[in-house]
Each structure stands twice: as C-alpha cells, then as structure tokens.
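# Reading the structure
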Amino acid sequence: MLNIGCHLSISKGFYKAAQEALSIDANTFQFFTRNPRGGKAKALDLEDIKKAKEVMKLNNFAPILAHAPYTMNLCSAKPDIREFAKNMLKDDLERLAQIPNSLYNFHPGSHTGQGIEKATQQIIDALNESIEKDTNTWILLESMSGKGTEVGRSLEELRQIIDGVNYEKIGVCLDSCHLYSSGYDLVKDLDGVIEKIDDMIGLERVKAFHLNDTKHGLGSNKDRHELIGEGLIGLQPIINIITDPKLAHLPFILETPNDVKGHGEEIKLLKQALGI
Ligand code: FE
Ligand code: FE
Ligand code: ZN
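Described below are features of the structure shown in this document. (Residues numbered from 1 in each chain as written. Chains lettered and ligands numbered in written order. Predicted model: local features only at pLDDT ≥ 70, side-chain atom pairs only at ≥ 80, totals over all residues. Heavy atoms only, no water.)

## Regarding the overall build of the protein chain
The secondary structure content of the protein chain amounts to nine helices and 12 strands. Computed over C-alpha atoms, the radius of gyration of the protein chain comes to 18 Å, within 12% of the 19 Å expected from 2.2 N^0.38 for 276 residues, which places it in the range of a compact globule. With the principal axes as the frame, the protein chain shows a C-alpha extent of 50 × 45 × 30 Å. Burial analysis of the protein chain (276 residues in total) assigns 55% to the buried set. (Helix = DSSP H or I, 4+ residues; strand = E, 2+ residues; numbered from the N terminus. Rg over C-alpha atoms; globule rule 2.2 N^0.38 Å. Buried < 20%, exposed > 50% of the residue type's maximum accessible area, 1.4 Å probe, protein only.)

Right, dumping it as structure tokens:
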C-alpha cells in the first residue's frame, strides 16, 4: 500500500479535490488553508466536507495535509507580522477541527535577523497561545532547506520547538528536497538519516512526507524542487524512501514543479517501480 498524492487546489471544494485525487490514482492530497497573501479564509462548506469525507472513506484515503500559507511567519522580527501570523494559526486550527482526517503543516518561520534562539521561543509561544483545550489536530513542523534565515533547517532545531510546546500532537512533516539540501544524505545513507530522525524527533512524531527531488545539491541550503527522478536525488533513493518499513505508511505528497496531470504521471511511475 502506497499513500500518495499531490498538492491540489480546493477552490472548488474538498469533494472536487478528492475526486481530482482519485482521477490520478492518489489517496491523499495537500491543500493551502487560505490564500498565501493572507486575508480571511473562505467559509467552510460543511455539506461539501461531508461529501468529501464519504468519498475519502470509501476509497481508503490516508490523512490529508493542510499547508499554512508561506507568508505565515511566527518569528519575524516585526511584531505586526508575528501577530498577523498568530491570528492565521489560530483561525486555521479552528477550521481544521471541521475537516476530518487532516494534519496541519507549517513552515516554522524565518527569524529575519533576530537569531535562532529568540525565534524558537516566539514559535513556541505562538503555538502554546493558539492551541485550545479542544484542539485535536496533529500540528506538523516542516523540515526546511535552510535558505535565508529559515528556522527548522535541522532536526535539532525542530526538536527544540517540539520540546517547548505543551501539546501531545506536535510532530514533523519531512521534505526530501529540504532534507537533502540542508545536508541529510538521503542518497548515500538513508538508514543513517532515519536513525537520526528517530533519535532526535522520534518516528512516532513523523506524520507526513513531502516527496520532491531537488535541483540543488547536498547541503546547498537551496529550496528548488525538481520532478521525481530528474534531480540530484534520483529515482532509486526516492523509491527507497517510500518503501522503507519505517516510512512506508506515511502520506507522501508530491510538490514537484508539475500540473495535476503531470503529478498523475509521477504517481504512475512510482507505482510501476513498486509493481503495484
Ligand atoms: Fe512547505
Ligand atoms: Fe514541502
Ligand atoms: Zn520547498
């Protein structure tokens, strides 16, 4: 069983997105919680969500992934940007309570010059202030490539955030492009990387995986995704990831530079390689 999908638009609702996922032989997908430029998120259509839930259940969907906008920066040096981000986070967590079988993923943020320690504390505080008593969604920190002043470029940085958060369902979403470009050698030493992930985070906190190849090399700290098998990671290491007994159960989301049809071809390629 391979749980795989890609990033899809929910502009026509969740039911349409689930149908679109099925049309490319996917059983999960990722969506943006709101317009990346911010502003108010569209009201949820509960009837649409109910219909989507039925179709996803019927087709054995893995959890779906809600991605916060890239502009949500909980650790900017500017207080108004932090405040704006925190309001988004709160609102997203409230909305996600209505979307069954969903995980919430966000980029920890960019410290914009104030340093990693201060930023880490700001992210922790924002999370602790936004998680309510009845919050029940898994909240995932994405592992980042480390471009600019990005926080979350190493497993140690992610661990520090997790340690400060007073909430059991805090975990990570790994991204193969980001891991590789931040220096984790998924090509030559996948077992070693998985061991580090287990030591530093705990595999039980890894809930999702962004499956991307990369245009830039190991340790480059650059964030440019490439099509599956066409970047510096290559097809076989990607297959090793999705078949690894410690990772194979995860929802794998393609964020490669491709349209939906192209993602369907990538899914086909991977399934063919797995003989499924
Ligand atoms: Fe992301
Ligand atoms: Fe990603
Ligand atoms: Zn990326």
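## What to know about the state of the cysteines
For the structure shown, the criterion picks out zero disulfides. Of all cysteine sulfurs, the one in cysteine 177 lies closest to cysteine 173, which takes part in no disulfide; the gap is 12 Å. (Disulfide = S-S within 2.5 Å.)

## Considering the pairing of strand E1 (residues 4-7)
Where E1 and strand E12 (residues 252-254) come together, three bridges link them in parallel fashion. Within E12, the position partnered with isoleucine 4 by the bridge is phenylalanine 252. With three bridges joining them, E1 and strand E2 (residues 28-32) adopt parallel strand pairing. Paired with cysteine 6 across the bridge in E2 is phenylalanine 29. (Pairing = 2+ DSSP bridges.)

## Some details on a negative patch on the surface
Together, Asp189, Asp191, Glu195, Asp198, Asp199 and Glu204 line one region of the surface with negative charge. Its location among the elements puts aspartate 189 in the loop between helix H6 (176-181) and helix H7 (190-200). Using a relative accessible area of 40% as the deciding quantity, one classes aspartate 189 as partly exposed. (Patch = residues over 30% accessible without salt bridge, like charges linked within 9 Å, V, L, I, M, F, W, Y side chains within 5 Å. Areas by Shrake-Rupley, 256 points an atom, 1.4 Å probe, with all protein chains shown as cover. Salt bridge = Lys/Arg side-chain N within 4 Å of Asp/Glu carboxyl O. Lys, Arg positive; Asp, Glu negative; His and termini not counted. Charge placed at Lys NZ, Arg CZ, Asp CG, Glu CD.)

## Concerning the coordination of the zinc ion (ligand 3)
Distances from the zinc ion (ligand 3) to its protein donors, namely His178 (NE2), Asp223 (OD), Asp223 (OD) and His225 (NE2), fall within the range 2.0 to 2.7 Å. Around the zinc ion (ligand 3), the four donor atoms are arranged such that angles at the metal cover 51 to 140°; this shape is classified as irregular. For the zinc ion (ligand 3), all donor residues lie on one chain, and their spacing in sequence is H-x44-D-x1-H. Separation of the zinc ion (ligand 3) from the iron ion (ligand 1) amounts to 5.5 Å. By relative accessible area, which is 21% here, aspartate 223 ends up partly exposed. Judged by its relative accessible area of 19%, histidine 225 is buried. (Donors = N, O, S within 2.8 Å, 3.2 Å for Na, K, Ca; no water. Tetrahedral: all angles 85-135°; square planar, octahedral: opposite > 155°, others 65-115°.)

## What about the packing of aromatic side chains?
Within this structure, the stated rule accounts for five aromatic pairs. Relative to phenylalanine 31, the ring of phenylalanine 29 has its centre 6.1 Å away and its plane inclined at 50°; by these criteria the two rings are tilted. Relative accessible area serves as the criterion here: at 2%, phenylalanine 31 is assigned to the buried category. Seen in terms of ring centroids, tyrosine 104 and phenylalanine 106 are 6.2 Å apart; in terms of plane orientation they differ by 25°. Their pairing is stacked. By relative accessible area, which is 0% here, tyrosine 104 ends up buried. Grouping aromatic residues by their ring pairs yields a cluster made of Phe14, Phe29 and Phe31. If you follow lysine 51 out to its NZ or CZ, it ends over the ring of tyrosine 15, 4.4 Å from the centre. (Phe/Tyr/Trp six-rings, centres within 6.5 Å; stacked < 30°, edge-to-face > 60°. Lys NZ or Arg CZ within 6 Å of the ring centre and 35° of its normal.)

## A look at the coordination of the iron ion (ligand 1)
The expected angle between donors at a tetrahedral four-coordinate metal is 109.5 degrees. At an octahedral six-coordinate metal it is 90 or 180 degrees. On the protein side, the iron ion (ligand 1) has His67 (NE2), His107 (NE2) and Glu142 (OE) as donor atoms, found 2.2 Å from it. Mapped onto the polypeptide sequence, the residues donating to the iron ion (ligand 1) form the spacing pattern H-x39-H-x34-E. Between the iron ion (ligand 1) and the iron ion (ligand 2), a spacing of 3.3 Å is present, and a bridge between the two is formed by glutamate 142. Here the residue histidine 107 occupies a position in the loop between strand E4 (102-106) and strand E5 (109-110), and glutamate 142 occupies one in strand E6 (residues 138-142), the gap between them amounting to 35 residues.

## Focus: the packing of helix H5 (residues 155-164) against H7
Each pair of packed helices gets described by two things: the angle between the helix axes and the distance between those axes. Packing of H5 against H7 leaves a shortest axis separation of 10 Å and a crossing angle of 20°. On the basis of the axis angle, H5 is roughly parallel to H7. Viewed along their axes, H5 and H7 form a crossing whose handedness is right-handed. For the pair formed by H5 and H7, the contact residues are Leu155, Glu156 and Arg159 on the first element and Lys196, Ile197 and Met200 on the second. Taken together, the residues of the contact of H5 with H7 break down into three nonpolar, no polar and three charged. (Axes fitted to C-alpha atoms, helices over the stretch in contact; angles between N-to-C directions. Parallel < 35°, antiparallel > 145°, perpendicular 65-115°, else oblique. Left-handed = near helix turned anticlockwise from the far one by under 90°. Contact = heavy atoms within 4.5 Å. Nonpolar A, V, L, I, M, F, W, Y, C, P; charged D, E, K, R; others polar.)

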